[in-house]
Each structure stands twice: as C-alpha cells, then as structure tokens.
Amino acid sequence: MMKLAVLFGGISSEHDISCLSAASILRNLDRNKYEVYAVGITSEGKWYYCPDCDPDRVENGAWERMPGKVAAVLPPDRGVHGLLLLHEGKTETVRIDCVVPVLHGVGGEDGTMQGLLELAGIPYVGCGVAASANSMDKSITKAIVEAAGVRQAKYYLALRHDFERGAEGVVRAAADALGAFPVFVKPCSQGSSVGVAKANNMLELAAGLTEAFKLDSKVLVEEFIDGHEVECAVLGNLRPVASTVGEIAPTQEFYTFDAKYKDESSKLYIPAHITDRQIETVRQDALRVYAALGCCGLSRVDFFVTHRDGEVVFNELNSIPGFTSISMYPKLFGYEGIRYPELLDRLIELALEEHHG
C-alpha cells in the first residue's frame, strides 16, 4: 500500500484555509489504496505527525492539542526518503512514497516546500520549484504572462524601499501609470486575496499601499476590470487538460479572503454565465499561462471577462488551489465527471509520473 503524507497548516496567513482544504482531502482519500500520514505544521513552523487524525480535528484546529501527536522532521537526506518521527526515547523512520502538500501561501506554495521535497527525492503533488515560486510572486507572473502574449490588467509595481523614502511620489506614480480610479492594491506574494484592497482615490491608494507593505516588500497596483470573475481548473503534466469555466458571484464588493472561505452566500456558477466562445478562450488562455509558467500537476487559473466588450483578461494563477468543500477546483472537475476521490488519485499519479520522468 502506498504511504502518503498529507502536509497541512503551515506558517503563512492562510494556515486555517490549509487545514480546511486538508480536512476535505483526508475525508476523500481512499484508505484501501493509501496509508495516510497526516502531518500538521503549526504557525510557528513545528511539525507533528497526527496518528488516527480525525479530519474534523484538522478542520477546527484541534489537531494541535492532540495528546498523541508526535514531533516529526522531513530531512533532505535521500537515504531517509520520508519522515523521522521523534518518539520519546527513540526515532522512527517512515519511508514516504508521495507527499500531498496542502499548504497555501508562504512556506508551502512558493517553491520552498517543493525544494525540500526535491532534495529528499520524494514525489509530490503539484508544480515544481520554479513554477511555484514564479506563480506565487505576482510581479514575476505578470512578466511571464506578458511575454506569452496573454491579455492582463495594466499594473504598476511599487517597492517598499521606494515607498519608505517617498510615499507621496510612489502613490502619484502608481495613479499616473494606471490613469484612473478605482484600482486594486495587491501584495505580490500573498494568496487568497490576503492584503488586497480596492482604492477609489489617492488617500485610499496610500492607505492600501501602507497596509500591503506590512505583508510584502513588493506590491502591485492594478487597473480595475469591470467583468465576470471566472476560474478554470487545469490538470496534467505534458498534456494538461482544462476544465469548463466557473464564475464567482461574491455578495461582497469583490472576492475577498472572507468571501472565498467564510461567506457561503457567495455563489458559484458552473458553467460561467458567459458565452461558449468566451469559455473556450478562457480555457485556451489558461493552458497557455500554465505552460508559460512551467506548471505541472494542477493549477487554478483566474480571469475576468469584461462586461462591456466580453474581453478575456488574465488575473492570476494558483498552483495549490483551495480544496475545501466550497472550492472551485474540485467542483469544476466534478462537473466534468471526475469525482473528488478520483481527482486525488489522478493528482498522485501525475506526481509519480513527473518524478519518474
């Protein structure tokens, strides 16, 4: 039986969302195929193996208070090829066949965890080091997507050291570069809309930049795109496939962190309320972005489709998309006839295929 480690939690601001995604994955893994090792990482970066871990405990954070949890290490030593479990008085080695890193944001989705797993020689689900790092940093994603010829929102890249030396000049430069309000302010390396703000004037832009620079040294200021917010799920390595397109209809002003994970009144439409031609354009552009960034395994690629002229505009790519009960990625492939457990099987097969070439 395959020994599968599911990593969750982590040091990022998306720690709680990682636990929600991991709980859903743990509920849907076929225990007749996989011997599952649930490994939680605290917000402080401590690793624990949670034997017989109930997904409900992962979801609500109670796993951190489990009396039976065991301190764990995943060393880069290929001779170990897995986990060291640090029991009192002895160390147990567990060889792991594949890792599912359910870690959103910094320390999990940015190439760092992928680098550790590459050194350890362990196959893992999802994108590799470079694709993870490049898609996590929105400014690098912008440059790569621009070179690929895919339409995206106009943007201005603001740097913290420039802002600290002259905030007024940076605010004015950003406003001049985009030409009109409203604009969106986004930390470059935060996921799930963390730190994102909408600015309707210069004062709000200055406030948005001030808050965003608390989270990142680089911040994007983007033009506002008035359109449908749509998402496409991509699955595969050398020959990836794109799902149909889903649409987000948030009840909040825009798709905030709370709207994504806490506000169940936000509506998801599958297929999206756009034309068949626009759906096909989104699907083809999603595959182009996926290829340009060098992705493998899976990603969710987000776009706008403008209300005025129906233009498809790239927004961002998520290399470890949410897998909660209300997340778009599994819902899109569910619409395509791939049930959640089968989707997990395919992702693990792709991880082994990528690792073994």
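Because the structure is predicted, anything quoted here is derived from the model rather than measured.

Draft legend 1. Looking closely at helix α1 (residues 15-28). The end-to-end C-alpha separation of α1 is 20 Å, in line with the 20 Å expected for 14 residues at 1.5 Å each. Buried residues dominate α1, accounting for 10 of its 14 residues. Listing the buried residues of α1 in full gives His15, Ile17, Ser18, Cys19, Ser21, Ala22, Ala23, Ser24, Ile25 and Leu26.

Draft legend 2. Region of interest: the sheet that holds strand β10 (residues 197-199). If you walk across this open sheet you meet the 4 strands as β8-β11-β9-β10, and the pairing is antiparallel. Because the sheet does not close on itself, it has two edges, and the strands there are β8 (155-159) and β10. Direction aside, neighbouring strands of the sheet carry axes that sit 25° apart on average. By the bridge criterion, 5 bridges tie β8 to strand β11 (residues 218-223) in an arrangement that is antiparallel. The residue bridging Leu157 from the neighbouring strand is Leu220, located in β11. Contacts between helix α7 (residues 167-178) and the sheet are confined to β8, β9 (183-187) and β11, with β8 contributing the most and set at about 165° to the helix.

Draft legend 3. Here's a closer look at the sheet that holds strand β5 (residues 82-87). Pairing within the open sheet is mixed, and its 7 strands lie in the order β6-β5-β4-β3-β2-β1-β7. A strand with exactly one partner marks an edge of an open sheet, and here the two such strands are β6 (90-95) and β7 (98-102). When strand polarity is set aside, the average angle formed by the axes of neighbouring strands in this sheet is 30°. One ladder, built from 8 bridges, connects strand β1 (residues 2-9) with strand β2 (residues 34-41); its direction is parallel. Note on β2: the bridge partner recorded for Leu4 is Val36.

Rules behind the numbers
- Each residue is numbered by its place in its chain's sequence as written, counting from 1.
- Only residues with pLDDT of 70 or above have their local features reported here, since the model is predicted, and side-chain atom pairs are shown and tallied only from 80 upward, although totals for entire chains, interfaces and linings are computed over all residues.
- Heavy atoms throughout the structure, all of them, feed into the side-chain values; hydrogens and water do not.
- Secondary structure elements are defined from DSSP: runs of H or I of at least 4 residues count as helices, runs of E of at least 2 residues count as strands, and each element is numbered from the N terminus.
- How far a helix is expected to stretch is found by multiplying one less than its residue total by 1.5 Å.
- Exposure categories follow from relative accessible area, calculated using a 1.4 Å probe and restricted to protein chains: below 20% of the type maximum is buried, above 50% is exposed, and the middle band is partly exposed.
- At least two bridges found by DSSP between two strands is the condition for calling them paired.
- Only the stretch in contact is used when fitting a helix axis, every axis being a line fitted to C-alpha atoms; angles between N-to-C directions are given from 0 to 180 degrees.
- The contact definition used throughout considers only heavy atoms, calling two residues in contact when any of these lie within 4.5 Å.

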